[in-house]
Amino acid sequence: MKLQGNVRKQVLLGILVSTALVLYLIEAMLPNPFPLPGVKLGLANIVNLLTLAHFGLGEGLFVAVIRVLLGSLIGGTFTGPAFIISFVASLLSTLAMYFFLRLEKVFSLISVSIVGAITHNLAQLLVVSILIGTFNIYYYLPFLLILALPVGISTGYMAQLVKKYLENFQGSKSD
Amino acid sequence: MCSLSSSRSLRKRSLKKILSVAISLLVVLTITGCSLIQPEYEYTSEEFIMNTFINIKVYANSKEKAKEAIQKAFQEFKKIEELTNRFVQKGTAEYEKSEIIKINLAAGQTPVQVSEDTFKMLSLSKKYNKELDGVFEITIGPLVDLWGFGQDKKNVPAREQLESKLKLVDSNRLVLDEHRQTAYLERTDMSLDLGAIAKGYATEKAAQVIREYGIEKAIINAGGNIYALGEKGDEIPWKIGIQDPRDANKLLAVLNLKDQVAVTSGDYQRYFEVNGTRYHHILDPRTGKPADELMSVTVIGEDSTIADVLSTSFFILGVEKSLAYLKEHPGIEAVFVTKDQKIYTSTGVQEIIEFKKNGGYIIDER
Amino acid sequence: MTKGDKVLIGSILALALIFFGMWYIQDKNASQAGIAIIRSGGKIVQEIELDTIESKVIPIEGPLGISKAKVEKDTIQMLSSPCKDKVCIKQGKISTSSQSIVCVPNEISITIEKKGEVDEITR
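All of the points below concern the structure found in this document. All figures in this text were calculated on a predicted structure; none of them were measured in a lab. (Residues numbered from 1 in each chain as written. Chains lettered and ligands numbered in written order. Predicted model: local features only at pLDDT ≥ 70, side-chain atom pairs only at ≥ 80, totals over all residues. Heavy atoms only, no water.)

### Considering the overall build of chain C
Across its full length, chain C carries two helices and eight strands. Order of helices (α) and strands (β) in chain C, N terminus to C terminus: α-β-β-β-β-β-α-β-β-β. A sequence separation of at least 24 residues applies to 34% of the contacts in chain C between residues at least 6 apart. (Helix = DSSP H or I, 4+ residues; strand = E, 2+ residues; numbered from the N terminus. Contact = heavy atoms within 4.5 Å.)

### Overview of the overall build of chain A
A count of helical and extended segments in chain A gives six helices and zero strands. Across chain A, every contact between residues at least 6 apart in sequence was considered, and the portion connecting residues at least 24 apart equals 69%. For chain A, the computed accessible surface area is about 7,800 Å², with 69% contributed by carbon and sulfur atoms. (Areas by Shrake-Rupley, 256 points an atom, 1.4 Å probe, with all protein chains shown as cover.)

### Digging into the nonpolar core
Ranked by size, the top nonpolar core spans 70 residues in total, and within it B:Ile56, B:Phe77, B:Phe314 and B:Phe336 carry the most contacts. Among the elements that line this core, the one with the most residues is helix H3 (residues 63-84) of chain B, at eight residues. Taken domain by domain, the makeup of this core includes at least three residues from each of domain 1 (97-193) and domain 2 (231-364) of chain B. Counting 40 residues, the second-largest nonpolar core is a separate cluster that includes A:Phe100, A:Leu103, A:Ile110 and A:Leu145. (Core = buried A, V, L, I, M, F, W, Y, C linked by side-chain atoms within 4.5 Å. Buried < 20%, exposed > 50% of the residue type's maximum accessible area, 1.4 Å probe, protein only. Domains from an automatic or database assignment.)

### Observations regarding the pattern of salt bridges
All names here are of chain B. Tallied over the full model, the rule gives 19 salt bridges over all chains. A salt bridge links Lys-79 to Asp-117; its shortest N-O distance comes to 3.4 Å. With Lys-79 in helix H3 and Asp-117 in helix H6 (residues 116-131), this pair connects stretches of sequence that are 38 residues apart. On the basis of relative accessible area, Asp-117 is assigned to the buried category, the value being 9%. One network of salt bridges, in which partners are shared, links Glu-76, Lys-79, Asp-117 and Lys-205. (Salt bridge = Lys/Arg side-chain N within 4 Å of Asp/Glu carboxyl O.)

### Remarks on the pairing of strand E15 (residues 342-345) of chain B
Residues and elements named next belong to chain B. One ladder, built from three bridges, connects strand E14 (residues 333-338) with E15; its direction is antiparallel. In the strand pairing of E15, Val-335 is matched with Thr-345. Connecting the antiparallel pair E14 and E15 is a turn made up of three residues, with Gln-341 showing a positive phi of about 65 degrees. Here E15 pairs with strand E17 (residues 362-364) via three bridges, running parallel. Within E17, the position partnered with Tyr-344 by the bridge is Asp-364. (Pairing = 2+ DSSP bridges.)

### Looking at the interface of chain C and chain B
Contact residues are listed per partner, giving twelve residues for chain C and 26 residues for chain B. Across the chain C to chain B interface the summed buried area is about 1,800 Å²; carbon plus sulfur atoms make up 59%. When the buried area of chain C at its contact with chain B is split by residue, C:Glu120, C:Thr122 and C:Arg123 rank highest and sum to 42% of it. Our enumeration of links across chain C and chain B arrives at one salt bridge. C:Asp119 is the salt-bridge partner of B:Lys232, the closest N and O atoms lying 3.0 Å from each other. Put simply, chain C and chain B have ten residue pairs in polar contact (both at pLDDT 80 or more) between them. (Buried area = accessible area lost by both parts, 1.4 Å probe. Polar contact = N/O pair within 3.5 Å; in protein donor to acceptor, adjacent residues only side chain to side chain.)

### Some thoughts on H3(B)
Here H3(B) contains 22 residues, and its C-alpha end-to-end distance of 32 Å stays within 8% of the 32 Å for a straight helix at 1.5 Å per residue. If you check which residues of H3(B) are buried, you get B:Ala66, B:Ala69, B:Ile70, B:Ala73, B:Phe74, B:Glu76, B:Phe77, B:Ile80, B:Leu83 and B:Thr84. (Expected span 1.5 Å × (residues − 1).)

### Focus: the packing of helix H9 (residues 198-212) of chain B against helix H10 (residues 304-317) of chain B
Helices that pack against each other are described as a pair by the angle of their axes relative to one another and the distance between those axes. Residue and element names in this part refer to chain B. For the pair H9 and H10, interaxial distance at closest approach is 7 Å and the crossing angle is 165 degrees. By the angle class used here, H9 and H10 are roughly antiparallel. Seen along the crossing, H9 lies across H10 with a hand that is right-handed. Contact residues: H9 offers Ala-198, Lys-199, Gly-200, Tyr-201, Thr-203 and Glu-204, while H10 offers Ser-304, Thr-305 and Asp-308. By residue class, the composition of the contact of H9 with H10 is two nonpolar, four polar and three charged. (Axes fitted to C-alpha atoms, helices over the stretch in contact; angles between N-to-C directions. Parallel < 35°, antiparallel > 145°, perpendicular 65-115°, else oblique. Left-handed = near helix turned anticlockwise from the far one by under 90°. Nonpolar A, V, L, I, M, F, W, Y, C, P; charged D, E, K, R; others polar.)

### Some points on helix H2 (residues 44-54) of chain A
Residues and elements named next belong to chain A. Counting buried positions over the eleven residues of H2 gives ten, a clear majority of the element. Looking at H2, one finds that the buried residues are Ala-44, Asn-45, Ile-46, Val-47, Asn-48, Leu-49, Leu-50, Thr-51, Leu-52 and His-54. Looking at the residues trailing H2, positive phi occurs at Gly-56, about 150 degrees.

### Brief notes about the sheet that holds strand E5 (residues 75-80) of chain C
Residue and element names in this part refer to chain C. Sheet architecture is open: three strands sit in the order E3-E4-E5, paired in antiparallel fashion. A single partner strand is all that each edge strand has here, and the edge strands are strand E3 (55-62) and E5. Here the average twist between neighbouring strands, direction ignored, is 30 degrees.

### Re unusual backbone geometry
Residue and element names in this part refer to chain B. Phi at Gln-181 is positive, roughly 55 degrees, even though this residue is not glycine. Position of Gln-181 relative to the elements: it lies in the loop between strand E4 (174-177) and strand E5 (182-185). With a phi close to 50 degrees, Asp-259 is a non-glycine residue in the positive phi region. Here Asp-259 shows up in the loop between strand E9 (247-257) and strand E10 (260-266). Looking at Asp-259, the relative accessible area reads 34%, which means it is partly exposed.

Listed below in structure tokens is the structure:
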């Protein structure tokens, strides 16, 4: 299989979006182990992280946004409050992860993923508090921080494992 | 990408490392709690001045500033107390400093030159005496003394006594000279009592001092006169409770105030009972007796002096006349509690009040 | 895992502990029963003094349907909800002013405020 660089990239992005979507839908079917609004495993974030690491900010945002759009269309929450919440949260966490990815000398994908999880959940809580009226975010902060650790470490670790295969698939990195 | 790092100098690399750790920590701190970055010190202090507890709470970005502002604010209260106090022992330093005692002693004899603060209080009092049909009366000293309020010799005076003292109560016979800044009581036995304005004036001065320190968030409680400076949080008002006039542990309602004052006059603040009848300290200068329509009135406004003056005046005037006055004076609101357990409010109050579910009171909304 | 990872994880743990500590202190101060404020779509629909009710089920209308909350022994919890993930039910009983229950899909929130929470009293 020898595809031209641009086509290869398009194919790969398509695969990434659909993988993210599948992971998201599978997770939606499973019961949420965390009794907190907005906190979940975030399996789809593995794909976001990989895209960011492999391609860059533009592609990372693309996969994140398309995933949220398609996910809400399939789940029937499009333009509803749940859609707005996950849209904002995805955008912010992608940006935060991109920032930390640039510090790859200091942080591995695990840190990037933890930061992504914290930003994602915090953004969700902020949007929720705006949409629903005031409520005490402060109360959730410690839980949110603690829970971001197992979530971030596990998804970050998985992303690290998959990253090698992705690089193999691509052969050499695109610029 | 990784190959690039080897070409960089070691110094640059460690610098980058430190910088990145610092930035990441900053990001984590910023997203988890802005309060860690912008400190707000709360500083509270309480002193017994003007026969009551004055509590000042200040929020500032430095402890030293907050402390200093509070100290200066208390000084204002002490200064006004010194000028207006009239129940101090003869021969003491306080006796010499009291300008009200000086004016009272010189009544019928000679005008007394006074400080700017005293003159301001006196001229404001005269102005409101005219505006409010004579119910606001600082020449009420002889009546207060007759009833024994202020000296703990409380008694119910006989009618003849009341009538003779009533003749001495007349603000028209308080002569003020703006150029010389003097005050003169025309009849020998007349005497001033600034009890209904001094606390409000002092609170206003104290709040001014706190503002001059650049402090935008503070709350002054001068024995139930509340000055709510600024707001509690972004778009969050101060919550000021109105006490149930018959149960000190209960609230009648809660007011949402921003940069406003709330002053209450009530028949429960200072009173004595004889044979089951309550005699309180707010005397109607027209009859010489305690005003008897209301249990309490709370005035909400922007100026503490005016709110203090009006709360006493409204208590004497009653609901109807007070509401008529308020119609012509926007920016001032009031909550009245009558003796027949009805609550009346001015129209503007409805947006800032939450009534508590409390036994017995009927809210009359008009 | 790099050194930076460990530093980050350590500081997050420390921060969480600090917050837990602050929350614990606040909770201790707010031990008395409060008023549950129920909002639907951001608007307050009901206020309930928790200590005046022995046991009661309260229906709350949201865009998806009726959620039911239960008040019992100074606490309130979500009993049933037409939403999919039931996160609000899993949040369990709440009783102090730092706690809240939120149901995002049905746009309902329950918060608790301290009773008679005023800054000063005019008298």
